[in-house]
Amino acid sequence: MEQKLAVIMAADVAGYSRLMEIDEKGTLAALLGHRQQLLDVEVAAHHGHIVKLIGDGMLVEFGTVEDAVLCAVEIQRGMRMRNENAPRDRRIEFRIGINIGDILFEDGDVYGDGVNVAARIEGLAKPGGVAVSSSVHDTLGSRLGLVFEDTGEQVLKNIGRRVRIYDIVIDDAGMPEEGAAPAPPLTEIGGDPPLKSSRVLIHVSRFVNLSGNPDQEYFAVGITEDVAAGLSRFSGLNVIVRPPRPETHHQTAATYYTLEGSVRRVGDRVRVNANLANAAGERIWAEKYDFDLVDMFEVQDELSRSIPAALNVKIEEAERYRVLAKPLKGSNAYDFYLRGRHLEKSLKPDETRVAKEMFLAAVADDPSYARGYLGLAWLEIRKLKWNERVDMEETLGSAFASANKALELSPYDADVHWALGVVHLWRGEAERAIGCYERGRELAPNNCDLLAEYCDALGYLGLLEDAIRIGELALRLNPSRPDWYFWNVAAAKYLCGQYHEALALLEKMADHGSAYRLLAATYAQVGRLEDARRAAAELLKLNPEFSIERYSSRAPYRDKALLARYVEGLRLAGLPE
């Protein structure tokens, strides 16, 4: 059995039984023609995969929401043209529903919540229309320039939760022209973008070809372009590919970095060196990458992921320490945000209070700077994650308001979508949570912190294989990974019943902090009860008010059997009810 997250499109014919009763042979012939000449063509053109044909309908899997939605819209536009000359009572009209969710493949068939929700949404779509779940709507945002009608939260048959559904308005006024859609951050760097004062300036110098073979120049150029494109997806960075003018360099000297690199190919081996220097010329990061040259494009793809991921982490770390070394007087919104970020994850009330003061100062200094609001949202979210004694509804409301304000100010900031994903997760809105995380991944696919946090969310949602896969990707991409990466992957391993594997990850942590909760449960499950009780005691030192009841009543587990497995370990460790 294979389980994974996917975008699912469900389609069927409205009034199929009536059409078959009127003219069975003609209806079947017309349907076959529409499938072969339109549906199959559009599915292939939008990189879809037909996973199941069901009488008058089909289920199609897509890799992205853009492909799924554009495919559906083009099918409906094509059907309008094909129906123009058909008698009204003989017209074949499809209803289409689209959802993001988990699907399971087994014995050539497909199952899962994602499939069920897509099928129910399709049943509510208008004939000739397209309806999508909130996860699809939120992931897509405004990128395609489509017009949506919010039909509200709907009760779906055999689905134990309400799902908000949106209808796509398909008409000439509502359809985007080719190339007219708003775009996310650059995926290719053709020139230098306008500089923003709240962003770090990084100059990506062309990687040098040291192979002694001019024919390898294309590889060095390709790596430079791919790395620059990858870095441009991080909203805190201004990426430039030409050396800055002296006056620009002077103005931004405190937040200016240079990436340089080289490529050397010898036989079937290739080595890539990369290093990052600050404005003073001090090297703050260097790494070398060695590959067996089986596929040049795979090497280039790996580097385009690994280098931007590592650099984003190192630059933010360097920026925080640079700002902390400055006097507080004269700080701007960006500086205040970095100071708050430094203390944001602290478990000490005094440091948390200072972090909030810094984020509020960022908002006061520049109300248009989204990250001040983002910091305030994270402080509220962490109260729930650390199992503090707070009003859950009030805390989530405050977190949502701050994150939503950040979204208004910075709709292409992946971290903002990530924070909204956590809020929706803890509200029990699984589809919306997944939609926000997936939107964040599309904006910044190599944001390691986002990936590690998505691992945590997928664990709560019971998508354990996906959680482990994405969490391990974050561990691989970030050589300077913080301890909580291990915690999140270990949690998914624990929920799978892989207690020894979970323990091995937890024991790699230098500072367990609130992870003592999971450590205590894991020790208990492997029979090390004394160690479990010691870990429980450490947790209670950090959070004296921890209780199993409060944790289990709040934690957003979709599968209560998984929650029961966690609670079993907590009880075995002797934590208070």
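Scoring rules and cut-offs
Residues numbered from 1 in each chain as written. Predicted model: local features only at pLDDT ≥ 70, side-chain atom pairs only at ≥ 80, totals over all residues. Heavy atoms only, no water. Helix = DSSP H or I, 4+ residues; strand = E, 2+ residues; numbered from the N terminus. Rg over C-alpha atoms; globule rule 2.2 N^0.38 Å. Buried < 20%, exposed > 50% of the residue type's maximum accessible area, 1.4 Å probe, protein only. Contact = heavy atoms within 4.5 Å. Areas by Shrake-Rupley, 256 points an atom, 1.4 Å probe, with all protein chains shown as cover. Salt bridge = Lys/Arg side-chain N within 4 Å of Asp/Glu carboxyl O. pLDDT = per-residue confidence, 0-100. Axes fitted to C-alpha atoms, helices over the stretch in contact; angles between N-to-C directions. Parallel < 35°, antiparallel > 145°, perpendicular 65-115°, else oblique. Left-handed = near helix turned anticlockwise from the far one by under 90°. Nonpolar A, V, L, I, M, F, W, Y, C, P; charged D, E, K, R; others polar. Expected span 1.5 Å × (residues − 1). Polar contact = N/O pair within 3.5 Å; in protein donor to acceptor, adjacent residues only side chain to side chain. Core = buried A, V, L, I, M, F, W, Y, C linked by side-chain atoms within 4.5 Å. Phe/Tyr/Trp six-rings, centres within 6.5 Å; stacked < 30°, edge-to-face > 60°. Lys NZ or Arg CZ within 6 Å of the ring centre and 35° of its normal.

Novice: Explain the overall build of the protein chain here, please?
Specialist: Each helix and strand counted, the protein chain has 22 helices and 14 strands in total. Expected size for 577 residues packed as a compact globule is a radius of gyration near 25 Å; at 26 Å, the protein chain falls within 12% of this value. Split into buried and exposed, the 577 residues of the protein chain put 55% on the buried side. Of all intrachain contacts in the protein chain linking residues separated by at least 6 positions in sequence, the fraction that spans at least 24 positions is 65%. When the accessible surface of the protein chain is split by element, carbon and sulfur atoms take 49% of a total near 25,600 Å².

Novice: What's the story with the pattern of salt bridges in this structure? I'm lost.
Specialist: A side chain of one charge can pair with a side chain of the opposite charge when the charged atoms of the two come close. Applying the stated criterion across every chain, the model contains 31 salt bridges. Of the charged contacts, one joins Glu380 and Lys383 as a salt bridge, the two residues approaching to 3.1 Å between their closest N and O atoms. In this pair, Glu380 and Lys383 are both assigned in helix 11 (residues 370-385), three residues apart and thus about one turn of the helix distant. With relative accessibility at 25%, the residue Lys383 sits in the partly exposed group. A cluster of three or more residues bridged by salt bridges with shared partners is formed by Glu316, Arg320, Arg341, Glu344, Arg382 and Asp449.

Novice: Would you explain the confidence of the model for the protein chain in this entry?
Specialist: Looking at the protein chain as a whole, its pLDDT mean stands at 83, while 90% of the residues score no less than 70. A low-confidence stretch, residues 172-195 (pLDDT under 50), is modelled with 47 contacts involving residues beyond four sequence positions or located in other chains. In the model, residues 248-254 has pLDDT below 50 throughout and makes eight contacts with residues more than four positions away in sequence or in other chains.

Novice: Please clarify how the environment of Glu287 should be interpreted in this entry.
Specialist: By the element assignment, Glu287 lies in strand 14 (residues 283-292). You can call Glu287 partly exposed: its relative accessible area is 30%. Put simply, Glu287 and Arg80 are 207 residues apart on the chain and 56 Å apart in space, counted from C-alpha to C-alpha. If we skip the residues at most four places from it in the chain, Glu287 touches Val272, Asn273 and Ala274.

Novice: What is the right way to read the packing of helix 15 (residues 448-460) against helix 17 (residues 483-495) from this model?
Specialist: When two helices pack together, you describe them by how their axes are tilted relative to each other and by the distance separating the axes. Look at helix 15 against helix 17: their axes get within 9 Å of each other, and the N-to-C directions meet at 25 degrees. In terms of axis orientation, helix 15 runs roughly parallel to helix 17. Of the two elements, helix 15 crosses helix 17, and the hand of that crossing is left-handed. Taking contact as the criterion, the partners of Cys448, Asp449, Ala452, Glu453, Cys455, Asp456 and Gly459 in helix 15 are, on helix 17, Trp484, Tyr485, Asn488, Val489 and Leu495. Looking at the contact of helix 15 with helix 17 residue by residue, the class counts come to seven nonpolar, two polar and three charged.

Novice: Looking at this structure, I do not really get helix 13 (residues 414-426). What am I missing?
Specialist: The periodicity of an α-helix, 3.6 residues per turn, causes residues three or four places apart in sequence to face the same way. A rise of 1.5 Å per residue sets the reference length of helix 13, with its 13 residues, at 18 Å; its end C-alpha atoms lie 19 Å apart and thus fit the reference within 8%. When you tally the buried positions in helix 13, you get 13 out of 13 residues, the bulk of the element. The opening residue of helix 13, the one whose side-chain oxygen lies 2.9 Å from the backbone nitrogen of Asp415, is Asp413. Backbone geometry just downstream of helix 13 places Gly428 in the positive-phi region, at approximately 85 degrees.

Novice: I tried to follow the nonpolar core on my own but got confused; where do I start?
Specialist: If you look at soluble globular proteins, the nonpolar side chains tend to sit buried side by side. Ile98, Ile202, Leu259 and Ile307 are the most contacted members of the largest nonpolar core, which has 171 residues in total. Top element by residues in this core is helix 17. It accounts for 10 residues.

Novice: Looking at this structure, how should I read the packing of aromatic side chains?
Specialist: A ring pair, where both rings are aromatic, is described by two values, the distance of the centres and the angle of the planes. Applying the stated criterion across every chain yields a total of 15 aromatic pairs. Taking 4.9 Å as the distance between ring centres and 70 degrees as the angle between the ring planes, the aromatic pair formed by Tyr460 and Tyr557 counts as edge-to-face. Here the residue Tyr460 occupies a position in helix 15, and Tyr557 occupies one in the loop between helix 21 (548-554) and helix 22 (560-572), the gap between them amounting to 97 residues. By relative accessible area, Tyr460 is classed as buried at 8%. Tyr557 gets classed as buried once you look at its relative accessible area, which sits at 5%. Ring centres of Tyr494 and Tyr499 lie 5.0 Å apart, and the angle between their planes is 65 degrees; this geometry places the pair in the edge-to-face category. In this structure Tyr499 comes out as buried when scored by relative accessible area, which is 17%. Chaining the aromatic ring pairs together yields one cluster made of Trp426, Tyr460, Tyr494, Tyr499, Phe546, Tyr551, Tyr557 and Tyr566. In this structure, Arg427 is placed above the aromatic ring of Phe400, and the distance from its NZ or CZ to the ring centre is 4.5 Å.

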